[in-house]
Amino acid sequence: MGKLNEKLTLLNGICPYFTMFPLDFPLNILKRRARKTDLVLDPFCGRGTTNFAARLVGLNSLGVDSSPVAAAITASKLVTATVDDILREAQLILTEYRANQIPTSEFWQWAYHPTVLDSLCRIREALLEDCSTAPRIALRGIVMGALHGPKQKTFPSYFSNQCPRTYAPKPAYALRYWLDRELLPEPMDVLAVIERRAKRYYGMTPVINGSVRLGDSRNEISLQPDHPENRFNWVITSPPYYGMRTYIPDQWLRNWFVGGSDTVNYTNQGQVVHASPKEFSDDLQQVWRNAARVCADDAKMVIRFGGITDRLVDPPVLIKSSLNESGWRIHAIRNAGTALEGKRQADSFLRKKTKPIIEYDVWATKQ
Ligand SMILES: C[S@@+](CC[C@H](N)C(=O)[O-])C[C@H]1O[C@@H](n2cnc3c(N)ncnc32)[C@H](O)[C@@H]1O
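Computed from a prediction, not measured in an experiment: that's the story for all the values here.

1. Things to note about the nonpolar core
Line of reasoning, step 1. In terms of nonpolar packing, the biggest core is built from 81 residues, with Y112, I123, F159, I194 and Y202 touching the most fellow members.
Line of reasoning, step 2. Mapping this core onto the domain boundaries places at least three of its residues in each of domain 1 (3-76 + 210-366) and domain 2 (83-202).
Line of reasoning, step 3. If sequence neighbours within four positions are ignored, I123 has contacts with I93, L94, L139, V143, V190, I194 and F257.
Line of reasoning, step 4. L39, F232, Y242 and F305 belong to the second largest nonpolar core, which has 28 residues in total.

If you want it as structure tokens, here you go:
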């Protein structure tokens, strides 16, 4: 990629998410193989990597995810907003809004300085009231990306006390960590953090947009294209890895920011079922069937799939069974190497040893 394109890709890093695949994975497929008018679908879009890749090559796409955090991150990668508009919106909210619901438990007192928490609550409530414009969707993505992370030596980049960036710490553990080390949350200029991030991520964005939907892909309606006469030509996706049930609880702080509870949310509503390999495979099969129904006759699907090594389940067997009678024919299954769960090795706040995940790429065509 040339220099200009490297700058364009920065927006993909606006907010971390779990088990995201590298941008190059969907980008290389679309750059090499897609036609100019192709439409792209990701029924498990996560932080919107496939949709952003489609945007970079000038293709329209639809992303669907049942996690409000994933849908909000993806939305922030598909809008076109200027730095000035984002800052004007943030300034307006911070001067004109008053927060009504400020969490008060000990965790929150230690997680954020009171003035920072007040600003975050103002922005949260204003965006919950209306997040329909491009600057507001961008602002939501920026604040989510800065909500928690490590303390920086130069100027602050994250609003929280010392935290991991990829997942939200559980309150009891985090409190112990901060108390043991006497780490107090610091005051900071919230607007300055937003400005630095707006300049980094929205200094330059491609014009093509794309859309995202908060929905359960097991329901046929969730995958309907925006225009009913359209058909998707590509499905590039990565379903939850078998045994990883923590997408919602591990993102509970960001989930709070998009309207969820200010305590850890352990429900897995809208998520595929991990109770047994059979139930998991049946759920995936339903999604593949729904995808086949909204795809063109010559559509292709590429699935990156993996499993945590200590589960007594063979990922290729599981994915093959999910594709059985799903409307898709498998062409190839390739070993894509290993990845570390949620890239946790990058965090200074490690709670457990990371486990390698063996990944496979499955190529299929519509039957
Ligand atoms: C492996 S992640 C996708 C990561 C994505 N490829 C990326 O780069 O960010 C799987 C996603 O599937 C979502 N998911 C799980 N069950 C779902 C369902 N029934 N409908 C839609 N999304 C679902 C999870 O919320 C999670 O974001």
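Next comes the rest of the write-up.
2. A word on the environment of M301
Line of reasoning, step 1. Looking at where M301 falls in the secondary structure, it is placed in strand β5 (residues 295-308).
Line of reasoning, step 2. A relative accessible area of 0% means that M301 is categorised as buried.
Line of reasoning, step 3. Along the sequence, M301 and I236 sit 65 residues apart, while their C-alpha atoms lie 5.8 Å from each other.
Line of reasoning, step 4. If we ignore the near neighbours within four places in the chain, the residues touching M301 are V235, W288, L323, W328, V362, W363 and A364.

3. Quick word on the pairing of strand β1 (residues 39-42)
Line of reasoning, step 1. By the alternation rule, side chains of β1 split into L39 and L41 and V40 and D42, which are all buried.
Line of reasoning, step 2. Bridging between β1 and strand β4 (residues 232-237) involves two bridges; their strand directions are parallel. Bridging from a neighbouring strand, V40 pairs with W234 of β4.

4. Some words on the pattern of salt bridges
Line of reasoning, step 1. For the structure shown, the criterion picks out 15 salt bridges.
Line of reasoning, step 2. Of the charged contacts, one joins K199 and E195 as a salt bridge, the two residues approaching to 2.8 Å between their closest N and O atoms. Residue K199 and its partner E195 are located together in helix α10 (residues 190-202), separated by four residues, close to a single helical turn.
Line of reasoning, step 3. Among the ionic contacts, a cluster of salt bridges with common partners joins R35, D38 and D298.

5. Notes on the side chain of S66
Line of reasoning, step 1. Along the chain, the position of S66 falls in the loop between β2 (60-65) and α4 (68-76).
Line of reasoning, step 2. Of the polar contacts made by the side chain of S66, one reaches the side chain of Q271; its length is 3.2 Å.
Line of reasoning, step 3. Excluding residues within four positions of it along the chain, S66 makes contact with L214, G215, D216, G270 and Q271.

6. Remarks on the layout of surface pockets
Line of reasoning, step 1. Taken as a whole, the second largest pocket encloses approximately 300 Å³ of empty space.
Line of reasoning, step 2. Around the second largest pocket sit 20 residues that line it, and A71, A72, A75, R140 and V212 are the ones nearest its centre.
Line of reasoning, step 3. Going through the elements one at a time, α4, α7 (114-129), α8 (134-146) and β3 (211-214) are the ones with two or more residues in the lining of the second largest pocket.
Line of reasoning, step 4. Domain assignment of the residues forming the lining of the second largest pocket places at least three in each of domain 1 (3-76 + 210-366) and domain 2 (83-202).

About the thresholds
Residues numbered from 1 in each chain as written. Predicted model: local features only at pLDDT ≥ 70, side-chain atom pairs only at ≥ 80, totals over all residues. Heavy atoms only, no water. Core = buried A, V, L, I, M, F, W, Y, C linked by side-chain atoms within 4.5 Å. Buried < 20%, exposed > 50% of the residue type's maximum accessible area, 1.4 Å probe, protein only. Domains from an automatic or database assignment. Contact = heavy atoms within 4.5 Å. Helix = DSSP H or I, 4+ residues; strand = E, 2+ residues; numbered from the N terminus. Pairing = 2+ DSSP bridges. Salt bridge = Lys/Arg side-chain N within 4 Å of Asp/Glu carboxyl O. Polar contact = N/O pair within 3.5 Å; in protein donor to acceptor, adjacent residues only side chain to side chain. 1 Å grid on protein atoms, 1.4 Å probe; cavity = no way out; pocket = protein on both sides within 12 Å on 5 of 7 lines; lining within 4 Å. Points joined across faces, edges and corners; volume = space filled by probe spheres on them.

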